[in-house]
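Single-letter residue listing:
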Amino acid sequence: MTEPLIDVRNMEISFAHGFVKAVRGVSFQLGREKLGIVGESGSGKSTVGRAIMRLLPPTAKVTADRMTFHDTDLLAASEKRMMEIRGKQIGLILQDPKYSLNPVMRVGEQIAETYRLHYPKVGRKAAETKVLEMLEAVKIRDPQRVFRLYPHEVSGGMGQRIMIAMMLIAEPEVLIADEPTSALDVTVRLDVLALLDELVSRRNLGLIFISHDLNLIRKFCDRVLIMYAGRVVEVLKASELDNAQHPYTQGLLASLPSIENPPARLPVLTRDPSWLTQPTIGA
Amino acid sequence: MIDVENLTIRFGPRSPLVVKGVSFSVERGKSFGLVGESGCGKSTVLRAISGLNRNYGGRISLDGKPLEPERSKAFFRDVQMVFQDPYGSLHPRKTVRSQLIEPLRNQNLPIKENAVADVLKAVGLDPSLGYRFPHQLSGGQRQRVAIARALILDPPVLLLDEPTSALDVSVQAEILNLLADLQKERGLTYLLVSHDMAVIAHLCSRVAIMNGGEIVEETGIDQIRSGHVQHPYSQRLLSASRAYGKQEMRPAEIMSSA
Ligand SMILES: Nc1ncnc2c1ncn2[C@@H]1O[C@H](COP(=O)(O)OP(=O)(O)OP(=O)(O)O)[C@@H](O)[C@H]1O
Ligand SMILES: Nc1ncnc2c1ncn2[C@@H]1O[C@H](COP(=O)(O)OP(=O)(O)OP(=O)(O)O)[C@@H](O)[C@H]1O
Ligand SMILES: [Mg+2]
Ligand SMILES: [Mg+2]
């Protein structure tokens, strides 16, 4: 890989004075690619994403041998430098999009505000036009109406698309998207992914895509990290997902329900305690 | 068990209808699926049934008895809902444990010593998480707390709005098996909203497909499995769902297939 955008070496994160070890030695490099992260619920995926943006609560303790964005040491950077990075250089879509929006401000105005923060020369009217275009691009029906809604007035999937629009409008160099399409129906999801894909390839970005959707990861991402209990247990080319070797990944693939032939009971994983102590894998 | 007749909902007197005369019936002991495009009104229908939004037209009946728009306490003993966004439905400043006990207390039911630990274990969570606050949990852990809170009253009817959307597929399998077991053992009735047609196919026997605030088609699960649906929107949704994960998701391919 030529110079990585993000380089993380041996990241460890704990909460509650070290009693909760959420991330236990994660290493990966992100290039100009689409890197998927899948893994067990509670395995530390969102925590990794937030740590890169330095958005964890003060109770979190983060250490790493290396944690950089280009030349910036993300562990040591000043809060002022982080403010420049957040949104403008690295964009993050949080897992609960509606709760990262301001509840008392119309959603369209929030996107417009983000846009004007990054492009201060743009006038009010032009920003609004740009926002309406973005809402249309993420397949929101009736963008004029939705522009004026408050966060509690939009549906689950509209909330996700509003967050995607807000992140894309700032055109950052790295995108970290935490379950950004889980509330979208399949047809809208494909449209939104096409838009993301187009932007990633046109602007040559790096994308970290956290998702439980194995079908999506397989066809959309380039590489995939599999996390289990705070560690990376397997790294694969996304197209090779079905040839996974780790029993956890194999178990995941086996538990996918099917439209055509649903089994009477879905197979479930037997979690082997030895998975907890296996060495973590770098990527 | 649940009968919805000509349900209409609008937000504000001069706003257009969001739900435009929806009717369907869910048989006792069965699971009924509600699917459709994002923003078509699925959660709005569920919230009206659950009594969260009293401002609706038409009639909703439970067990043959029409419901008053203002729901009684007994109603919540019988019907519990799992909301689409667990973050918003959990109280931010109460521990998991106290939120799980709350429904029992509201119904003046005895609080058994192991009730909280048992229901947490049933959804695959360690009982020690009971002492955490919602923001100290992962997304999928929060979603399972929301499921646990609906289950703790052991209600005969569950309204489930995307209950497994934040879960990895192995935990999802455990929850779907749990729901199937409860249904078999106790004859529970489920109304399930999901964007994952495979989840619907796994649990439901009948499905209504919604588009733009209307049900465009109601059909049996066999038609869904075999891909034999009638309405153009249903056909589009189902063929995209069946191809999902099998075909490329890069723009070039998508544009040319559109
Ligand atoms: N503020 C906190 N205090 C204590 N523990 C926490 C806190 N935040 C997260 N955790 C714990 O850290 C672990 C990792 O959480 P994280 O949100 O990163 O999981 P995740 O992989 O994103 O899971 P999901 O797929 O369910 O969203 C979990 O076990 C969670 O309970
Ligand atoms: N309180 C409200 N005020 C105004 N409009 C609302 C309100 N709640 C919902 N709506 C509108 O009603 C429509 C249907 O929303 P609903 O949440 O029912 O969709 P949904 O089918 O559940 O979508 P999703 O799959 O994305 O969750 C949307 O256009 C939404 O903006
Ligand atoms: Mg998460
Ligand atoms: Mg909804």
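Higher on the page you've got the structure.
Residues numbered from 1 in each chain as written. Chains lettered and ligands numbered in written order. Predicted model: local features only at pLDDT ≥ 70, side-chain atom pairs only at ≥ 80, totals over all residues. Heavy atoms only, no water.

1. Let's talk about the packing of helix α3 (residues 107-118) of chain A against helix α6 (residues 156-169) of chain A
Residue and element names in this part refer to chain A. The N-to-C vectors of α3 and α6 enclose an angle of 15 degrees; their axes lie 8 Å apart at closest approach. Here α3 lies roughly parallel to α6, going by the angle between them. Seen from above, α3 lies across α6 with right-handed handedness. Within the contact between the two elements, α3 uses Val-107, Gln-110, Ile-111, Thr-114 and Tyr-115 and α6 uses Ile-162, Ala-165, Met-166 and Ile-169. In the contact of α3 with α6, the residues fall into 7 nonpolar, 2 polar and no charged. (Axes fitted to C-alpha atoms, helices over the stretch in contact; angles between N-to-C directions. Helix = DSSP H or I, 4+ residues; strand = E, 2+ residues; numbered from the N terminus. Parallel < 35°, antiparallel > 145°, perpendicular 65-115°, else oblique. Left-handed = near helix turned anticlockwise from the far one by under 90°. Contact = heavy atoms within 4.5 Å. Nonpolar A, V, L, I, M, F, W, Y, C, P; charged D, E, K, R; others polar.)

2. Concerning α3(A)
Taking 1.5 Å as the rise per residue, α3(A) with 12 residues should run 16 Å; its terminal C-alpha atoms sit 17 Å apart, in good agreement. Residues of α3(A) that are buried in the fold lie against α4 (124-137), α5 (143-147) and α6 of chain A. (Expected span 1.5 Å × (residues − 1).)

3. Brief notes about the coordination of the magnesium ion (ligand 4)
All names here are of chain B. Looking at the metal site, the magnesium ion (ligand 4) is ligated by Ser-43 (OG) and Gln-84 (OE1), spaced 2.0 to 2.2 Å from it. With Ser-43 in helix α1 (residues 42-50) and Gln-84 in the loop between β6 (79-82) and α3 (86-89), this residue pair connects regions lying 41 residues apart in the sequence. The exposure classification of Ser-43 matches that of Gln-84, with both residues buried. (Donors = N, O, S within 2.8 Å, 3.2 Å for Na, K, Ca; no water. Buried < 20%, exposed > 50% of the residue type's maximum accessible area, 1.4 Å probe, protein only.)

4. Let's talk about the pattern of salt bridges
One pass over the structure, following the stated rule, counts 27 salt bridges over all chains. A:Arg271 is paired through a salt bridge with B:Glu174; the nearest N and O atoms lie 3.1 Å apart. In this pair, A:Arg271 is assigned in the segment after α9 (247-254) and B:Glu174 in helix α7 (residues 169-186), connecting two distinct chains. Given the relative accessible area of 30%, A:Arg271 is considered partly exposed. Within the structure, one salt-bridge network assembled from shared partners comprises A:Asp7, A:Arg9 and A:Arg66. (Salt bridge = Lys/Arg side-chain N within 4 Å of Asp/Glu carboxyl O.)

5. Considering the interface of chain A and chain B
Tallying the contact residues gives 57 residues for chain A and 53 residues for chain B. Here chain A is connected to chain B by 5 salt bridges. Measuring nitrogen to oxygen at the nearest pair gives 3.8 Å for the salt bridge that ties B:Arg242 to A:Glu260. Joining chain A to chain B, the criterion identifies 18 residue pairs in polar contact (both at pLDDT 80 or more). Elements represented by at least two residues in the side of chain A that touches chain B include exactly β3 (34-39), α6, α7 (186-203), α8 (214-220) and α9 of chain A. A per-element tally of the side of chain A that touches chain B places α7(A) first, with 9 residues. Classifying every residue of the side of chain A that touches chain B by side-chain character gives 26 nonpolar, 13 polar and 18 charged. (Polar contact = N/O pair within 3.5 Å; in protein donor to acceptor, adjacent residues only side chain to side chain.)

6. A word on the environment of B:Glu37
For B:Glu37, the location among the structural elements is in the loop between β3 (31-36) and α1. In this structure, the C-alpha to C-alpha distance between B:Glu37 and B:Leu159, residues 122 residues apart in sequence, is 19 Å. Setting aside anything within four residues of it in sequence, one finds B:Glu37 in contact with A:Arg141, A:Asp185, A:Val188, B:Lys42, B:His195, B:Met210, B:Asn211 and B:Tyr233.

7. Comments concerning the sheet that holds strand β10 (residues 214-220) of chain B
The strands that make up a sheet pair up through hydrogen bonds in the backbone, lying either parallel or antiparallel. All names here are of chain B. Strand order in this open sheet of 6 strands is β6-β7-β8-β3-β9-β10, and the pairing throughout is mixed. Looking along the sheet, the strands with just one partner apiece sit at the ends: β6 and β10. The average angle at which neighbouring strand axes cross in this sheet is 15 degrees, direction not considered. Summarising the sheet, β3 and strand β9 (residues 206-211) pair through 5 bridges and their orientation is parallel. Bridge assignment links Leu-34 to a residue of β9, and that residue is Ala-208. (Pairing = 2+ DSSP bridges.)

8. Describing the environment of A:Leu276
All names here are of chain A. In this structure, Leu-276 sits in the segment after α9. C-alpha of Leu-276 to C-alpha of Ala-170: the two residues are 106 residues apart in sequence and 39 Å apart in space. Residues contacting Leu-276, with those up to four places away along its chain left out, are Arg-24, Tyr-228, Ala-229 and Arg-231.

9. Some points on the coordination of the magnesium ion (ligand 3)
All names here are of chain A. At 2.0 to 2.3 Å from the magnesium ion (ligand 3) lie its protein donor atoms, namely Ser-46 (OG) and Gln-95 (OE1). On the criterion of sequence distance, the pair formed by Ser-46 in helix α1 (residues 45-52) and Gln-95 in the loop between β7 (90-93) and α3 is long-range, its members being 49 residues apart. Classification of Ser-46 as partly exposed rests on a relative accessible area of 21%.

10. Looking at the site of ligand 2
Taken together, 18 residues surround ligand 2, and among them A:Arg145, A:Ser155, B:Ser38, B:Gly39 and B:Thr44 come closest. Positioned at a junction of chains, ligand 2 has nearby residues supplied by chains A and B. Between ligand 2 and B:Gly39, the relevant distance is 2.7 Å, taken from an oxygen atom to a main-chain nitrogen or oxygen of the residue. At 2.9 Å, a side-chain N or O of B:Gln84 approaches an oxygen atom of ligand 2. Taken together, the residues of the shell around ligand 2 sort by class into 5 nonpolar, 10 polar and 3 charged. (Near = heavy atom within 4 Å.)

11. Thoughts on the pairing of strand β2 (residues 20-30) of chain A
All names here are of chain A. Relative to β2, strand β1 (residues 6-15) runs antiparallel, the two being bridged by 8 bridges. From the neighbouring strand, Phe-15 faces β2, where its bridge partner is Val-20. Where β1 hands over to β2, the hairpin turn is made up of 4 residues, of which Ala-16 adopts a positive phi near 50 degrees.

12. Considering helix α10 (residues 232-243) of chain B
Each α-helix turn comprises 3.6 residues. Residues three or four places apart therefore point the same way. The terminal C-alpha atoms of α10(B), which comprises 12 residues, lie 16 Å apart, in line with the 16 Å expected from a rise of 1.5 Å per residue. Turning to α10(B), its buried residues are B:Tyr233, B:Ser234, B:Leu237, B:Leu238, B:Ala240, B:Ser241 and B:Ala243. Among the structural elements, α7 of chain A together with β3, α8 (197-203), β9, β10 and α9 (221-226) of chain B are those in contact with the buried residues of α10(B). Note on α10(B): the residue one or two positions beyond its end, B:Gly245, has a positive phi of about 85 degrees.

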